[in-house]
Amino acid sequence: MTVTADKTLTVERPVRRSAPKPGKDTGVSETTTAPVKGNGSRATLEVGMMVGFGLVFLAIWEFLPPALGVPRYIIPTFSQCMAEFARMWAQEDLGPNFVSTLISSIVGFALGGLLGAGAGYLLGMSKLWERVLAPYILALQIAPKVAFAPLFIMWFGYNSIPKLLVTVLIVFFPILVNVLQSMKTVDQDLMNLARVYSMSRWKMFLKIELPSSLPQLFAGLRISSTLAVIGVTVGELVGGNTGLGFLITYGEGQANTAMVFDAIILLTLIGVALYFAIAAIEKRVLHYLERNDG
Amino acid sequence: MTSRLDLQNITKVFTDRKTGNSVTAVTDMSFSVAPGELVAVVGPSGCGKSTILNMVSGLYGPTEGQVLIDGEKVTGTRPEVGFMLQKDLLLPWRSIVENVEFGLEERPFSKAERRKRALAELKRMQLADFADNYPHQLSGGMRQRAALARTLAIEPELVLLDEPFSALDAQTKLVLQRHFARTIAEAGVTCVLITHDLNEAVIMSDRVVVLSGRPGRVVDEFAIDLPHRTDPLQRSLEPQCGIYVKRLFDALHLENEEA
C-alpha cells in the first residue's frame, strides 16, 4: 500500500514545480520515467518487486505471529482479519459505517477545500487584511486541530457535525496557505499587461491570478486529501456512534483487534482513493504543465 | 493608425514606503517619437528604461513633466498602446491562439471575430500551425513571435518593446530581429525599442536616444541615416554601422567616467 502511494507522489513531482529538489529529482525521474516510457523488462521487474514485497509482507503477517505464539488479540493474522471483514459486514453494519465515514471525508474535504481556497483568494487580494490576520492564521494553523473534537462534541452533541467540523478545520489550512502563497507570487508583469489592456480587477483575477494559482491549489488539495481522513477518524473516535472510527473504539472495547485492523485498512483505503481522485483531476486540469511524464 | 509620442521634462521619483528614502529614476527627460518612427532607447542598467515604458503605457504617471500621445496627456492605460517584454508573458494554460486573443477580449469583438483576427496575426508570424499548441511546446523564438502577435493583434498605434530579444540565442535573435523589423514596418506602428544591445539599436532603429546612468537623462540623440530598416541583417553589413555603434559606445562610456 505505502509503496504504491509513494510511487504516485514521485511520479507527480515534475508536474508540481513549486518545490524543486534538484538533488533528489534526477534520481526520481530516472526511476519513474522508465516504466512510463515502456522500458519493458525494467518496468516488469519493478512491478514484480512491488507485488513480491506485498506477498512477502502478507506471508509474514499470516505465519510469523502464530509461530511466535503471539495471541490473536495482539496481532490477528491476515486470514483472521479477512474473516472478520465478512463478520463485520454481516453483523456490525460495516457497509453503512464505511459509507458514513466515506461521505463525511468527502463532504468535509470539499467544504474545507472551498473555504480554504476562498479565504486564500480573499486574503491574497488584500495585503492589509493578510497582514492584519497573519498572526491569528498562524496561531490557528499551529493549534492541534484534532484537540478541538471534544469541544465540538460539547457544542453540537453526538452527531455528524463535530467530525465534519474537525475535518473542515484540518483541511482548511494547507489549502489556505498554498493559495495565499500562490497569490503573492503571481507574475506582476502579467498583471501589468492586463492593466495595459484595461482589464477589470475581477477579470484579472479570473484570467490571471486564479489559473496561476492552480498548481499550488492542487498541491494544497493533495496534502489535505490525506488529512481529511484523519479529521473524520478523530471525530468518530472521540464521540461517534457511526463510522469506521466508531468501529475502532467499539472493537477496542471488545478486545477485537481484527476489527480495529480492518477499520484502519478501510480508512487508509478511503484516504488513498481521495488522494488518487485529486491527483487524477489535477492531471486533467493542469495538462498544460505536463512535460515528459504524460 | 500611428501615433506621435512626446516625453516632456519627465522626472520620476520613487519613495520607499518603509524607509522613506526616495530614488530619482529619471530626471528632466525629453524626447519625441514621430508617427511610424522606430526609436531605440539605450542606456546602462538602472537608467530608468522600464520606468519610461511604464509611464508611456500609463501604469503610473511621472512626478514632474508629462507624457503626450498625439498631443494628449497620458493619464491612464490606453487601448492603442501595446507592450512587450523580454519575458514573453504568454499564459501557460492557454493555447497560442488563445494567448493572442488575450488582449482582444477587452475589445468589443465577437468570439468568432476574435479568433479570426488572432489566426490572421499568427499567420503573419508564421505560427499558424502552432495555434493550438501550448506555450511550453514552443521554442523561445516562437514564443516571442507569439507575444508579438498578441501585441499587434489589438492593432496598437504605439508599441513599446522592452529588450524583446535579450533572452534569445544569437541565431534566433538575428532571425527574429528581421522578422520584427518587417512586421513592425508593415503594421506601420510607432515603436520604442528599449535595449542594451548597441548593435541592435543601430541596425533596427531610425533614431537612437542615449540615456545616462541613474538618474536617467538624455545624453545624446541622433538619427541612424542608413538604408534597410526592414532588414537588420542587411543593414549590419553597411560600413557606416560600426561608426554609429562606436558613437553610442563613446556616449555611454563618457557618461560613466563622469559618474
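Residues numbered from 1 in each chain as written. Chains lettered and ligands numbered in written order. Predicted model: local features only at pLDDT ≥ 70, side-chain atom pairs only at ≥ 80, totals over all residues. Heavy atoms only, no water.

1. Quick word on the sheet that holds strand E5 (residues 72–73) of chain B
Residues and elements named next belong to chain B. Note the cut-off: Pairs of strands are assigned from DSSP output, requiring at least two bridges between the strands. Starting at the N terminus, helices and strands are each numbered in turn, a helix being any DSSP run of H or I of at least four residues and a strand any DSSP run of E of at least two. The contact definition used throughout considers only heavy atoms, calling two residues in contact when any of these lie within 4.5 Å. In this description, a line fitted to the C-alpha atoms serves as the axis of each element, helices being fitted only across the stretch in contact, and the angle between N-to-C directions of two axes falls anywhere from 0 to 180 degrees.
Ordered in space as E2-E1-E4-E5, the four strands form an open sheet in which the pairing is antiparallel. Among the strands making up the open sheet, the edge pair consists of strand E2 (22–33) and E5. In this fold helix H1 (residues 49–56) packs onto strand E1 (5–15), E2 and strand E4 (64–69), with an angle of close to 115 degrees to the strand it touches most, E1.

2. Notes on the interface of chain B and chain A
As a reminder, the rule being used: Defined here as a combined quantity, buried area equals the accessible surface (1.4 Å probe) lost by two parts on assembly, summed across both. Salt bridge criterion: a side-chain nitrogen from Lys or Arg within 4 Å of a carboxyl oxygen from Asp or Glu.
The interface of chain B with chain A comprises 22 residues on the first partner and 20 residues on the second. Taken together, both faces of the contact between chain B and chain A bury some 2000 Å²; the carbon and sulfur share is 65%. Three residues stand out in chain B for area buried against chain A, namely Trp93, Phe102 and Glu106 of chain B, and they jointly supply 32% of the buried area on that side. Viewed at the interface, chain A and chain B are joined by five salt bridges. For the salt bridge of Lys87 of chain B with Asp189 of chain A, the shortest nitrogen-to-oxygen distance reads 2.8 Å. Listing elements by their share of the side of chain B that touches chain A, those giving two or more residues are strand E6 (81–84), helix H2 (96–104) and helix H4 (140–153) of chain B.

3. Topic: helix H10 (residues 201–239) of chain A
Selection rule: The span expected for a helix works out to 1.5 Å for each residue beyond the first. Across the chain, bend at a residue is computed as the angle between axes fitted to the seven residues ending at that point and the seven starting from it.
With 39 residues, H10 of chain A extends only 46 Å from end C-alpha to end C-alpha; this falls clearly short of the ideal 57 Å at 1.5 Å per step. At Leu214 of chain A, H10 of chain A is deflected by roughly 45 degrees, the largest bend along its length, and proline Pro215 of chain A occurs up to four residues later in sequence.

4. A closer look at a nonpolar patch on the surface
All names here are of chain A. The condition that has to hold: Patch membership requires over 30% relative accessible area and the absence of a salt bridge. Like charges are linked within 9 Å, and nonpolar side chains (Val, Leu, Ile, Met, Phe, Trp, Tyr) within 5 Å. Using the Shrake-Rupley algorithm and a 1.4 Å probe, accessible areas are obtained, with residue cover drawn only from the displayed protein chains. In this scheme, a residue with accessible area under 20% of its type's maximum is buried, one over 50% is exposed, and one in between is partly exposed, where area comes from a 1.4 Å probe on protein chains only.
Nonpolar side chains collect at one region of the surface, where Leu128, Trp129, Val132, Leu133 and Tyr136 lie side by side and expose about 530 Å² of accessible area between them. One can find Val132 in helix H6 (residues 127–142). With a relative accessible area of 40%, Val132 lands in the partly exposed category.

5. Here we look at the nonpolar core
Inclusion rule: Throughout, nonpolar core names a set of buried Ala, Val, Leu, Ile, Met, Phe, Trp, Tyr and Cys residues whose side chains join them through atoms within 4.5 Å.
Counting 109 residues, the largest nonpolar core has Leu5, Ile52, Phe180 and Leu248 of chain B as its most contacted members. At eight residues, H10 of chain A tops the list of elements feeding residues into this core. Look past the residues within four positions of Phe180 of chain B in its chain and what remains in contact with it is Met84, Gln144, Leu148, Leu161, Pro164, Phe165 and Met204 of chain B.

6. Details of the domain arrangement of chain B
All names here are of chain B. Test applied: Boundaries between domains were set according to an automatic or database domain assignment. Polar here means any residue outside two lists: the nonpolar Ala, Val, Leu, Ile, Met, Phe, Trp, Tyr, Cys and Pro, and the charged Asp, Glu, Lys and Arg; Gly therefore counts as polar.
Domain annotation for chain B reports domain 1 (32–60 + 76–80 + 157–259) and domain 2 (89–155). On a C-alpha basis, the centroid separation for the pair domain 1 and domain 2 is 25 Å. Contact between domain 1 and domain 2 buries roughly 1100 Å² in total, counting both sides, with carbon and sulfur atoms accounting for 71%. Among the salt bridges present, the one from Glu186 reaches Arg124, with a minimum N-O distance of 3.9 Å. A total of seven residues in the side of domain 1 that touches domain 2 trace back to one element, the largest contributor, which is helix H5 (residues 170–187). In terms of residue class, the side of domain 1 that touches domain 2 is made up of seven nonpolar, three polar and two charged.

7. A word on the environment of Lys73 of chain B
Residue and element names in this part refer to chain B. Position of Lys73 relative to the elements: it lies in strand E5. Measuring from C-alpha to C-alpha, the distance between Lys73 and Asp225 comes to 31 Å, with 152 residues separating the pair along the chain. Residues contacting Lys73, with those up to four places away along its chain left out, are Gln66, Val67, Leu68 and Arg78.

8. Let's talk about the packing of aromatic side chains
So the rule is basically this: By convention, a stacked pair of Phe, Tyr or Trp rings (six-membered ring in the case of Trp) has centres within 6.5 Å and planes under 30 degrees apart, an edge-to-face pair has planes over 60 apart, and any other such pair is tilted.
Scanning the entire structure with this criterion turns up 16 aromatic pairs over all chains. Ring centres 6.1 Å apart and planes at 75 degrees place the aromatic pair Tyr275 of chain A and Phe276 of chain A in the edge-to-face group. Residue Tyr275 of chain A is classed as buried on the basis of its relative accessible area of 9%. On the basis of relative accessibility, which here comes to 35%, the residue Phe276 of chain A falls in the partly exposed class. Between Tyr288 of chain A and Trp93 of chain B the ring centres are 6.4 Å apart and the planes differ by 65 degrees, which places this aromatic pair in the edge-to-face class.

9. Description of the UniProt feature "domain: ABC transporter" (unreviewed entry) in chain B
Heads up, the condition is: UniProt positions are given in the numbering used here, feature names are shortened, and annotations may be inferred rather than shown by experiment.
On the UniProt side, "domain: ABC transporter" (unreviewed entry) is annotated at positions that read residues 5–238 of chain B here. Across residues 5–238 of chain B, the secondary structure splits into 32% helix and 26% strand, with the terminal C-alpha atoms separated by 29 Å.

10. Topic: the side chain of Arg78 of chain B
This is how it is decided: Any N or O atom pair separated by 3.5 Å or less is treated as a polar contact, with the protein-specific requirement of one donor-capable and one acceptor-capable atom, and with residues adjacent in sequence counted only for side-chain atom pairs.
Its place among the elements puts Arg78 of chain B in the loop between E5 and E6. A distance of 2.7 Å separates polar atoms of two side chains, one belonging to Arg78 of chain B and the other to Glu80 of chain B. Sequence-distant contacts of Arg78 of chain B, that is, excluding residues within four places in its chain, are made with Val196 of chain A together with Ser57, Ile69, Glu72 and Lys73 of chain B.

11. Thoughts on the pairing of E4 of chain B
A regular strand places its side chains so that they alternate between the two faces of the sheet. All names here are of chain B. In terms of strand pairing, E1 meets E4 through five bridges, oriented antiparallel. When the bridges of E4 are listed, Leu5 appears paired with Ile69. As paired elements, E4 and E5 share two bridges and run antiparallel to each other. Bridge assignment links Ile69 to a residue of E5, and that residue is Glu72. Taken together, E4 and the strand that follows it, E5, pair antiparallel across an intervening segment of two residues, in which Asp70 is found at a positive phi of about 55 degrees.

12. A word on the environment of Leu111 of chain A
Residues and elements named next belong to chain A. Inspection of the secondary structure puts Leu111 in helix H5 (residues 94–125). Note on Leu111: relative accessible area 40%, which makes it partly exposed. A sequence separation of 126 residues divides Leu111 from Leu237, and the C-alpha atoms of the two residues are 21 Å apart.

13. Looking at the packing of H10 of chain A against helix H12 (residues 257–285) of chain A
Between two packed helices, both the angle of their axes relative to each other and the distance between the axes serve to describe the pair. Residue and element names in this part refer to chain A. This is how the line gets drawn: In what follows, roughly perpendicular refers to angles from 65 to 115 degrees, roughly parallel to angles under 35, roughly antiparallel to angles over 145, and oblique to any angle outside these ranges. Here is the rule for handedness: rotate from the far helix to the near one, and if that takes an anticlockwise turn smaller than a right angle the crossing is left-handed, while a clockwise turn gives right-handed.
Where H10 meets H12, the closest approach of the two axes is 9 Å, and the angle between their N-to-C directions is 165 degrees. Classified by the angle their axes make, H10 and H12 are roughly antiparallel. Taken as a pair, H10 and H12 cross one another with a handedness that is right-handed. Residues Leu214, Phe218, Leu221, Arg222, Ser225, Thr226, Ala228, Val229 and Thr233 of H10 touch H12, and the partners they reach there are Leu267, Ile270, Gly271, Leu274, Tyr275, Ile278, Ile281, Glu282 and Val285.

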